[in-house]
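Overview (structure and organization)
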Amino acid sequence: MQKTGILVVSFGTSYHDSLVNNIQAIEKTIGENFPGCELRRAFTSGMIIRKLKTRDGIHVDTVAEALDSFLRDGFTDLIVQPTHIINGVENDHMLDVLRSYKNRFHSLRVGTPLLTTTEDYRALISSVMKEYADLKDDEFLVFMGHGTDHDANAVYPALDYMLKADGYSNVYIGTVEGYPDLSLVKDLVHKRSPRKILLAPLMIVAGDHASNDMAGDGSDSWKNEFLREGYEVSCILKGLGEYPNVRSIFVDHAKEAAAI
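Below: a short report on this structure. (Residues numbered from 1 in each chain as written. Predicted model: local features only at pLDDT ≥ 70, side-chain atom pairs only at ≥ 80, totals over all residues. Heavy atoms only, no water.)

Read from one edge to the other, the open sheet built from four strands follows the order E6-E5-E7-E8, with strand pairing classed as parallel. Each of the sheet's edge strands pairs with one partner strand only, and the pair in question is strand E6 (171–175) and strand E8 (232–235). Strand-to-strand twist of the sheet, defined as the mean angle between neighbouring strand axes without regard to direction, takes the value 25°. Bridge analysis of strand E5 (residues 139–145) against strand E7 (residues 196–201) gives six bridges, and the strand direction is parallel. (Pairing = 2+ DSSP bridges. Helix = DSSP H or I, 4+ residues; strand = E, 2+ residues; numbered from the N terminus. Axes fitted to C-alpha atoms, helices over the stretch in contact; angles between N-to-C directions.)

Quick look at the structure:
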């Protein structure tokens with residue numbers, strides 16, 4: 001007898017509010033669109049899994065542990081939907097694990113990360129910029145992406161280019177660990193002399209990077225870097241999982257996988 005499950009795979013977060021408002025919100029939205037399927041969670045970050053276990057006594061499965069649990073419980077078919085933003089290192093590691101289980105399920109179908117196709121880029125821009133429809137000409141919105149040395153980092157400059165092509169000349173994307181970096185973004189912003197900078201994470205959760213690297217009190221936080229430049233600065237601690245239309249993109253990807 002066919003028994004289908006859904007596994008939602010996230011990098012993870014140790015911030016409880018972000019877990020509820022972002023990851024859990026995405027899971028809930030996906031689950032509502034697959035009412036006949038049991039949905040379970042897995043994280044790819046071993047560090048976060050260990051921290052939640054040690055600090056809070058909360059166990060979250062790794063991808064392999066979640067797959068084993070589905071097999072033990074008699075599931076024959078599985079849909080896996082990552083909440084990763086790009087097809088980077090974390091998604092590659094997840095796919096490696098899934099390949100080793102492929103022959104143990106009747107079907108194992110995998111959805112794509114948030115930003116995979118050009119249509120995904122356009123959908124994200126539309127979804128997010130609706131939230132900033134009141135952005136004034138002298139206010140610049142700077143998104144903080146994670147960034148990576150993986151070739152998937154090309155997503156960030158491509159997305160920035162598309163924003164400008166779509167008329168969002170006062171919206172910039174920078175990254176913590178990739179390109180464009182904060183130094184470049186500051187140089188580009190300086191040429192335009194805005195009055196105010198709004199900082200927001202281009203990450204699924206508003207977790208450690210958003211709270212500390214972006215909005216923290218440390219001298220090298222993005223907030224303080226821009227304050228020293230003389231701008232008024234406002235930080236928006238809102239992960240992408242809190243945007244309803246972004247959650248819908250993940251639903252679409254899961255449905256596309258299910259239809260294969």
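Following the sequence through the fold, Arg109 ends up in strand E4 (residues 107–110). Classification of Arg109 by relative accessible area gives buried; the value is 17%. In the structure, Arg109 is positioned 47 residues away from Thr62 in sequence and 18 Å away in space, judged by C-alpha atoms. Setting aside residues no more than four positions away along its own chain, Arg109 makes contact with Asp77, Leu78, Ile79, Val80, Ala257, Ala258 and Ile260. (Buried < 20%, exposed > 50% of the residue type's maximum accessible area, 1.4 Å probe, protein only. Contact = heavy atoms within 4.5 Å.)

Two packed helices can be described by the angle between their axes and the distance between those axes. Running from amino to carboxyl end, helix H5 (residues 118–129) crosses helix H10 (residues 244–258) at an angle of 155°, the nearest separation of the two axes being 8 Å. Considered as vectors, H5 and H10 are oriented roughly antiparallel to each other. Across from Asp120, Ala123, Leu124, Ser127 and Val128 in H5, the residues of H10 making contact are Asn245, Val246, Ile249 and His253. (Parallel < 35°, antiparallel > 145°, perpendicular 65-115°, else oblique.)

Below, the discussion takes up H10. If you check H10, its first and last C-alpha atoms are 21 Å apart, about what 15 residues at 1.5 Å a residue would give, namely 21 Å. Those residues of H10 lying buried are Val246, Arg247, Ile249, Phe250, Val251, His253, Ala254 and Ala257. For H10, the secondary structure elements touched by its buried residues are helix H1 (16–33), strand E3 (77–82), E4 and H5. (Expected span 1.5 Å × (residues − 1).)

Our focus in this paragraph is the sheet that holds strand E2 (residues 38–43). In spatial order, the strands read E2-E1-E3-E4; together these four strands make up an open sheet with parallel pairing. In this open sheet, the two edge strands, each paired with only one partner strand, are E2 and E4. Each neighbouring strand pair of the sheet contributes to a mean axis angle of 20°, computed without reference to strand direction. Where strand E1 (residues 4–10) and E2 come together, six bridges link them in parallel fashion.

In this section: the environment of Val128. Assignment of secondary structure puts Val128 in helix H5. You can call Val128 buried: its relative accessible area is 3%. Each C-alpha atom, one on Val128 and one on Val246, is 7.6 Å from the other, the two residues being 118 residues apart in sequence. When near neighbours in sequence (up to four residues on either side) are disregarded, Val128 contacts Phe143, Leu240, Tyr243 and Val246.

Another aspect to go through is the nonpolar core. In this structure, Leu114, Leu124, Leu141, Phe143 and Leu240 are the most contacted members of the largest nonpolar core, which totals 47 residues. Looking at this core, the element that brings in the most residues is H10, giving six residues. Residues in contact with Leu124, not counting those within four places in the same chain, are Leu114, Leu115, Leu159, Leu202, Leu240, Val246 and Ile249. With 16 residues, the next largest nonpolar core counts Tyr172, Leu182, Trp222 and Tyr231 among its residues. (Core = buried A, V, L, I, M, F, W, Y, C linked by side-chain atoms within 4.5 Å.)

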